[in-house]
2 protein chains.
Amino acid sequence: MELYHLRTFVAVAEEKHLTRAAERLFTSQPAISAHIKALEETLGVTLFDRTPKGMRLTAVGEEMLPRARQALAAANTFVQHAKGLQDELIGSVRIGLNSDARFLRLAALQAALADDYPRLEVAMLTGSTGTNLPALRVGKLDAAFVSGEIDDPSMSVCFLAEEPLVIAAPTGLREQIVSTEVEALAALPWVYTSPDCSHFRVMRVLFEAHCCEPTRILIANQEDALVEMVRAGVGLGIIRRGVLAPDDPQAYELPVALPAVPLQFAYLRKRENDPVIRALMQEVCAVWGVDAPREQVRDAG
Amino acid sequence: MELYHLRTFVAVAEEKHLTRAAERLFTSQPAISAHIKALEETLGVTLFDRTPKGMRLTAVGEEMLPRARQALAAANTFVQHAKGLQDELIGSVRIGLNSDARFLRLAALQAALADDYPRLEVAMLTGSTGTNLPALRVGKLDAAFVSGEIDDPSMSVCFLAEEPLVIAAPTGLREQIVSTEVEALAALPWVYTSPDCSHFRVMRVLFEAHCCEPTRILIANQEDALVEMVRAGVGLGIIRRGVLAPDDPQAYELPVALPAVPLQFAYLRKRENDPVIRALMQEVCAVWGVDAPREQVRDAG
DNA sequence: TCTTCGCCATCACAATTTCCGAAGGCGTGA
DNA sequence: TCACGCCTTCGGAAATTGTGATGGCGAAGA
């Protein structure tokens with residue numbers, strides 16, 4: 001038995017004529033006749049009395065009719081529920097962070113997501129560019145903020161902003177910094193970022209260009225930890241411009257030109273048409289005032 | 001959307017594999033795949049995540065699953081209800097009577113019907129052979145007790161018993177009844193049965209055989225009315241043997257041989273396979289201790 | 001790192017089901 | 001008696017559904 005049997009049953013019961021029921025269902029009268037016959041056979045009961053004036057429900061048919069309507073209503077509820085869900089994102093999404101909440105404008109993103117997709121659970125997970133990328137690859141994250149150029153064909157990235165970097169020095173070392181030449185700076189103690197952080201690359205490029213290597217002192221892979229190290233006088237470090245207050249008594253920015261790194265939003269390319277990803281991208285881009293990437297349909301060409 | 005889409009949806013959700021769902025539904029894996037794909041398309045939502053390990057419900061799918069089960073359950077209820085009804089007669093049946101309740105053994109019939117078919121509404125409608133037959137033809141009755149030979153090819157009859165008739169005479173006329181010869185009796189006053197009663201035919205045959213005609217006095221088409229007329233001394237009448245008590249002070253049975261008429265149970269031949277008629281016949285025959293007519297299947301030969 | 005395995009999507013074609021138009025039976029009303 | 005409306009049945013056409021083979025894609029194991 002299929003739903004069309006029930007639809008036909010109800011239509012015939014209401015129209016009282018195969019002919020009219022056929023018109024209503026946009027089909028032919030013999031088709032309707034066959035539906036009723038098949039239904040009666042599978043049920044093992046007679047639903048209609050055939051009279052020269054049309055079809056009249058038997059007592060059994062009368063009793064079956066409301067249950068047929070019920071079954072159809074349940075099926076309809078199923079479909080309607082889907083219609084209500086089809087533009088609504090439900091489930092959860094995990095976003096990897098690589099910096100502090102304010103810089104990443106998380107409050108605005110959270111507000112926008114909660115507003116547009118109230119049933120979407122959003123998890124924002126601290127990490128770094130270096131930990132976010134593998135987490136994306138193995139599916140532990142759905143999208144992530146990353147810094148620096150991403151050279152991974154499986155990854156889609158969306159540029160959000162330039163992240164200007166500066167060298168921060170502790171006030172206690174001010175006297176030892178006689179020059180802002182790289183070679184001179186390299187001789188000073190440094191607080192390293194961990195190798196999986198984009199700042200590390202900037203640092204490496206900087207020193208490699210001058211064929212020197214800094215004195216390693218400590219590795220901090222959390223930006224605030226690094227800042228604290230610098231302020232505690234452990235050594236110099238590379239941080240985002242603006243992290244240090246201009247009047248910070250314990251550390252200050254050196255006037256050295258560093259290449260800016262791009263802040264990007266990354267996700268697996270193969271998920272670029274996933275509605276969750278699309279929605280996320282749209283909200284992130286809106287928050288950052290950039291254009292969202294165009295839809296990538298699979299069969300485009 | 002049809003029920004098989006829902007069946008497949010639930011099976012896949014439970015088995016978590018297209019392959020296993022296909023086995024469970026005794027079909028092929030591509031068929032299952034097409035069902036899910038079609039369902040997702042008509043609903044406009046994604047129900048499953050395709051993983052290399054199988055199919056995993058999405059959050060939307062998780063939310064749709066119970067509603068799919070509900071719809072299937074409603075459809076199943078529909079079918080099960082029919083199964084419960086298929087041996088149960090419901091509705092109503094109208095039986096025409098042509099005599100008194102005790103003679104027709106209505107108490108026993110009613111008890112048997114109520115016992116075997118508790119949901120069958122039984123209406124027993126007083127009438128006579130003459131009124132029952134046309135009522136059957138126009139569908140005002142479903143079956144009826146009739147007396148005498150029925151000569152109507154559209155009617156099926158089932159013999160129940162012989163109905164012996166007697167001539168009843170009022171005690172007040174005893175002195176005038178010098179002979180039980182028909183010619184002599186014809187000269188006496190008679191209470192006629194109405195022409196649509198089988199007793200009328202018996203009377204007519206009786207007098208025609210002797211080429212005489214009785215004096216008409218009164219017509220009563222209700223047997224008890226006729227008996228009362230006879231007892232009141234209005235005239236002679238034909239009644240069933242045994243209606244008059246042997247010690248009745250007001251009327252007595254004349255020792256005249258009358259042909260017995262058969263009591264029969266009649267219904268429209270075209271309804272002989274109607275379950276209600278079949279059930280009715282079976283019960284009536286059981287009450288009267290006769291064999292029910294064999295099933296008449298249309299394509300028998 | 002490479003291979004093998006399991007799983008799902010797709011394709012061309014076959015099988016089945018469904019549908020349609022025509023014809024026929026049947027009862028009704030003119 | 002005829003014409004009409006209604007349902008059933010029938011053969012063939014059309015659409016849908018199902019099948020087996022094939023390929024892509026990750027994951028698990030060597």
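Before reading further, recall that the structure is shown in the block above.
Residues numbered from 1 in each chain as written. Chains lettered and ligands numbered in written order. Predicted model: local features only at pLDDT ≥ 70, side-chain atom pairs only at ≥ 80, totals over all residues. Heavy atoms only, no water.

### Side note on the overall build of chain A
Helix and strand content of chain A: 10 helices and 12 strands. Computed over its C-alpha atoms, the radius of gyration of chain A comes to 33 Å, more than 25% above the 19 Å expected for a compact globule of 301 residues. Seen through its C-alpha atoms, chain A measures out along the principal axes to roughly 110 × 40 × 30 Å. The burial tally for chain A puts 46% of its 301 residues in the buried class. Across chain A, every contact between residues at least 6 apart in sequence was considered, and the portion connecting residues at least 24 apart equals 71%. Accessible area of chain A: about 15,300 Å², with a carbon and sulfur share of 51%. Separation between the mean location of the 30 positive side-chain charges and that of the 39 negative ones in chain A comes to 10 Å. (Helix = DSSP H or I, 4+ residues; strand = E, 2+ residues; numbered from the N terminus. Rg over C-alpha atoms; globule rule 2.2 N^0.38 Å. Buried < 20%, exposed > 50% of the residue type's maximum accessible area, 1.4 Å probe, protein only. Contact = heavy atoms within 4.5 Å. Areas by Shrake-Rupley, 256 points an atom, 1.4 Å probe, with all protein chains shown as cover. Lys, Arg positive; Asp, Glu negative; His and termini not counted. Charge placed at Lys NZ, Arg CZ, Asp CG, Glu CD.)

### Brief notes about the pairing of strand 8 (residues 189-193) of chain B
Residues and elements named next belong to chain B. The element strand 8 is extensively covered by neighbouring structure, given that 4 of its 5 residues are classed as buried. The sheet contact formed by strand 8 and strand 9 (residues 215-220) spans 5 bridges and is parallel. By the bridge assignment, Val191 is partnered in strand 9 with Leu218. (Pairing = 2+ DSSP bridges.)

### A look at helix 6 (residues 129-137) of chain B
Each turn of an α-helix holds 3.6 residues, which means side chains three or four residues apart point in the same direction. Residue and element names in this part refer to chain B. Along helix 6, the residues classified as buried are Thr129, Asn132, Leu133, Ala135 and Leu136. Buried residues along helix 6 cover an arc of 165° about the axis, so they all sit on one side. Residues of helix 6 that are buried sit in contact with strand 3 (91-96), strand 5 (143-147), strand 6 (155-163) and strand 12 (261-268). Downstream of helix 6 by one or two residues, Gly139 has phi in the positive range, about 85°. (Arc of directions from axis to C-beta.)

### What about the pattern of salt bridges?
One pass over the structure, following the stated rule, counts 30 salt bridges over all chains. Between Arg271 of chain B and Asp274 of chain B there is a salt bridge; the shortest N-O distance is 3.0 Å. According to the relative accessible area criterion, Asp274 of chain B is partly exposed, its value standing at 22%. Salt bridges linked by common partners bring Glu14, Glu15, Arg24 and Arg69 of chain A together as one network. (Salt bridge = Lys/Arg side-chain N within 4 Å of Asp/Glu carboxyl O.)

### What about the sheet that holds strand 10 (residues 237-240) of chain B?
All names here are of chain B. Within the open sheet, the 3 strands sit side by side as 10-7-11. Their pairing is antiparallel. Looking at the sheet topology across the chains shown, the edges are occupied by strand 10 and strand 11 (251-254). Between one strand and the next, the sheet's axes are offset by a mean angle of 45°, whatever the strand orientation. Direction of pairing for strand 7 (residues 165-170) relative to strand 11: antiparallel, over a ladder of 4 bridges. When the bridges of strand 11 are listed, Pro170 appears paired with Ala251. Against the sheet, helix 8 (residues 198-209) touches strand 7 and strand 10, its axis set at about 130° to strand 10. Packing against the sheet, helix 9 (residues 223-231) makes contact with strand 7, strand 10 and strand 11, and its axis sits at approximately 125° to strand 10. (Axes fitted to C-alpha atoms, helices over the stretch in contact; angles between N-to-C directions.)

### Comments concerning the environment of Met281 of chain B
All names here are of chain B. In this fold, Met281 is placed in helix 10 (residues 275-288). Judged by relative accessible area, which is 4%, Met281 ranks as buried. For the pair Met281 and Ser33, spaced 248 residues apart in the sequence, the C-alpha separation amounts to 54 Å. Not counting the four nearest positions on each side in its chain, Met281 is found in contact with Cys158, Phe265, Tyr267 and Pro293.

### Brief notes about the protein's contact with DNA strand D
Around DNA strand D sit 22 residues, and of these Gln29 and Arg50 of chain A together with Tyr4, Thr27 and His35 of chain B come closest. Backbone atoms, meaning sugar plus phosphate, form 77% of the atoms of DNA strand D positioned within 4 Å of the protein. Elements supplying a minimum of two residues to the surface near DNA strand D: helix 2 (18-24), helix 3 (29-43) and strand 2 (54-57) of chain A together with helix 3 (29-43) of chain B. Here the surface near DNA strand D gets 4 residues from one element, more than from any other, and that element is helix 3 of chain A. Considering only residue class, the surface near DNA strand D consists of 8 nonpolar, 8 polar and 6 charged. (Near = heavy atom within 4 Å. Nonpolar A, V, L, I, M, F, W, Y, C, P; charged D, E, K, R; others polar.)

### Notes on the environment of Val276 of chain A
All names here are of chain A. With respect to the helices and strands, the residue Val276 is situated in helix 10 (residues 275-288). As for Val276 and Gly91, which are separated by 185 residues in sequence, their C-alpha atoms are 8.9 Å apart. Ignoring sequence-local partners within four residues, the contact set of Val276 consists of Leu89 and Val93.

No statement about biological role is implied by the geometric values presented.
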